[in-house]
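Per-entry structural report
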Number of protein chains: 2
Amino acid sequence: MTAIDDMLATNQKYAAGFTKASLPMPPGKKLAIVTCMDARINTHSAFGLEEGDAHVIRNAGGRIPDAVRSLVISQELLGTEEVAIIHHVDCGMLTFTDESLRKQLREKGMDADSIAFAPFDDLDESVRTDLRHYQQCPLVRHDIPVRGFVFDVKSGRLNEVK
Amino acid sequence: MTAIDDMLATNQKYAAGFTKASLPMPPGKKLAIVTCMDARINTHSAFGLEEGDAHVIRNAGGRIPDAVRSLVISQELLGTEEVAIIHHVDCGMLTFTDESLRKQLREKGMDADSIAFAPFDDLDESVRTDLRHYQQCPLVRHDIPVRGFVFDVKSGRLNEVK
């Protein structure tokens, strides 16, 4: 059985007990979260989310450049009014550089020289960089709370970056 | 209390009961999921994920172009070997066009003419489009299972798109 088959089997149980049939499309908490794809972040348990509460945008690192398209749609069309940017301890983005990953791909015959993989070497600083990137983006809202955090995958705790 | 303050308060309870301190960075199920940011998708309950299981990449619509950087990192550096692309019923991407959103932004003085917001008007077809985009991308793995689904936010059920 593949992981996807396993997912489908578990989903049948979820659907059998499903009670959230009539939730509206706009997030109830008017919150958008941008965070990493990391497998150890259970966004719903760790951040107290239920179905219908918040937009959750996830990519490698929880970087803002990949998230701008989604944030514009979230804010302009679906009314979110807060943004939390959440990076995390022991992130894979701390383990490589653009050059090392490009070299690894080149050895397999793939040309990724035009892709910025957006790794970082300091967690608090990467959050500040993404807060700045948000602040400098002309297409997102600047009249709402936008805050940055580091999630500790070893303790389950969110810590704000000032 | 803002939604973010609420998130922090709930996170303290999660951290107090946290028992997953020593999970490895690579996803245990070797699975990467690409899905929409929609608030009604509780990825962990709906897809049977626990902390440590799978990379979860989310953006407006669950589109592949925004996810390529993350998928390369997921596969090359963290060993994922399956991909599930999951769009969903009642998606916000069905409700607008590039031109309508650009016009809305223009009326607020914002120029988004260079951004492709990637809306769609047919759910099964949007999944097939993203499966094709994946298949045509030279930087991701083509020797692994890559499957497409529509999640029904009204029933909680995942349906495969063939």
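What you are looking at is a predicted structure, and each value in this text was computed from that prediction instead of being measured. (Residues numbered from 1 in each chain as written. Chains lettered and ligands numbered in written order. Predicted model: local features only at pLDDT ≥ 70, side-chain atom pairs only at ≥ 80, totals over all residues. Heavy atoms only, no water.)

**Here's the deal with the environment of Arg-40 of chain B**
Residue and element names in this part refer to chain B. Position of Arg-40 among the secondary structure elements: in the loop between β1 (31-36) and α2 (43-47). Residues Arg-40 and Cys-91, spaced 51 residues apart in sequence, show a C-alpha to C-alpha distance of 10.0 Å. A polar contact is formed between the side chain of Arg-40 and the side chain of Asp-90, at a distance of 2.7 Å. (Helix = DSSP H or I, 4+ residues; strand = E, 2+ residues; numbered from the N terminus. Polar contact = N/O pair within 3.5 Å; in protein donor to acceptor, adjacent residues only side chain to side chain.)

**Some words on the packing of aromatic side chains**
All names here are of chain A. With the rule as written, the count across this model stands at four aromatic pairs over all chains. Seen from their ring centres, Phe-47 and Phe-151 are 5.7 Å apart, and the 85° between their planes marks the pair as edge-to-face. Here the residue Phe-47 occupies a position in the loop between α2 (43-46) and β2 (54-59), and Phe-151 occupies one in strand β4 (residues 146-152), the gap between them amounting to 104 residues. Here Phe-47 matches Phe-151 in class, with each residue buried. (Phe/Tyr/Trp six-rings, centres within 6.5 Å; stacked < 30°, edge-to-face > 60°. Buried < 20%, exposed > 50% of the residue type's maximum accessible area, 1.4 Å probe, protein only.)

**Concerning the interface of chain A and chain B**
Of the residues lining the interface, 87 residues belong to chain A; the matching set on chain B comes to 88 residues. A buried area of about 7300 Å², summed over both sides, lies between chain A and chain B, and 61% of it is on carbon and sulfur atoms. Three residues stand out in chain A for area buried against chain B, namely Met-25, Met-37 and Arg-69 of chain A, and they jointly supply 11% of the buried area on that side. Between the two partners, chain A and chain B, sit eight salt bridges. A salt bridge links Arg-147 of chain A to Asp-5 of chain B, with the shortest nitrogen-to-oxygen separation between them at 3.1 Å. There are 37 residue pairs in polar contact (both at pLDDT 80 or more) connecting chain A and chain B. Among the elements that line the side of chain A that touches chain B, the one with the most residues is helix α1 (residues 3-16) of chain A, at 11 residues. Classifying every residue of the side of chain A that touches chain B by side-chain character gives 46 nonpolar, 19 polar and 22 charged. (Contact = heavy atoms within 4.5 Å. Buried area = accessible area lost by both parts, 1.4 Å probe. Salt bridge = Lys/Arg side-chain N within 4 Å of Asp/Glu carboxyl O. Nonpolar A, V, L, I, M, F, W, Y, C, P; charged D, E, K, R; others polar.)

**Focus: the pattern of salt bridges**
Evaluated as defined, the whole model comprises 40 salt bridges over all chains. Across the salt bridge formed by Asp-6 of chain A and Lys-29 of chain B, the nearest N and O atoms sit 3.0 Å from each other. Of this pair, Asp-6 of chain A sits in helix α1 while Lys-29 of chain B is found in the loop between α1 (3-16) and β1, placing the two residues in two different chains. Given the relative accessible area of 26%, Asp-6 of chain A is considered partly exposed. Of the charged contacts in the structure, one is a salt bridge between Arg-106 of chain A and Glu-99 of chain A, with a shortest N-O distance of 3.5 Å. By relative accessible area, which is 41% here, Arg-106 of chain A ends up partly exposed. According to the relative accessible area criterion, Glu-99 of chain A is partly exposed, its value standing at 44%. Each of the salt bridges in this network shares a partner with another, and the network as a whole consists of Asp-5 of chain A together with Arg-147, Glu-160 and Lys-162 of chain B.

**A look at the packing of helix α3 (residues 68-78) of chain A against helix α4 (residues 98-106) of chain B**
It is the contact of α3 of chain A with α4 of chain B, at a shortest axis distance of 11 Å, that shows an interaxial angle of 75°. The angle between α3 of chain A and α4 of chain B falls in the class roughly perpendicular. Of the residues in α4 of chain B, those touching α3 of chain A at Val-72, Ile-73, Glu-76 and Leu-77 of chain A are Leu-101, Gln-104 and Leu-105 of chain B. (Axes fitted to C-alpha atoms, helices over the stretch in contact; angles between N-to-C directions. Parallel < 35°, antiparallel > 145°, perpendicular 65-115°, else oblique.)

**Some details on the side chain of Asn-42 of chain B**
Note that Asn-42 of chain B resides in the loop between β1 and α2. Once you skip the residues sitting within four places of it in the chain, Asn-42 of chain B turns out to touch Tyr-14, His-44 and Glu-51 of chain A together with Phe-47 of chain B.

In short, the description is geometric, and any link to function would need to be established separately.
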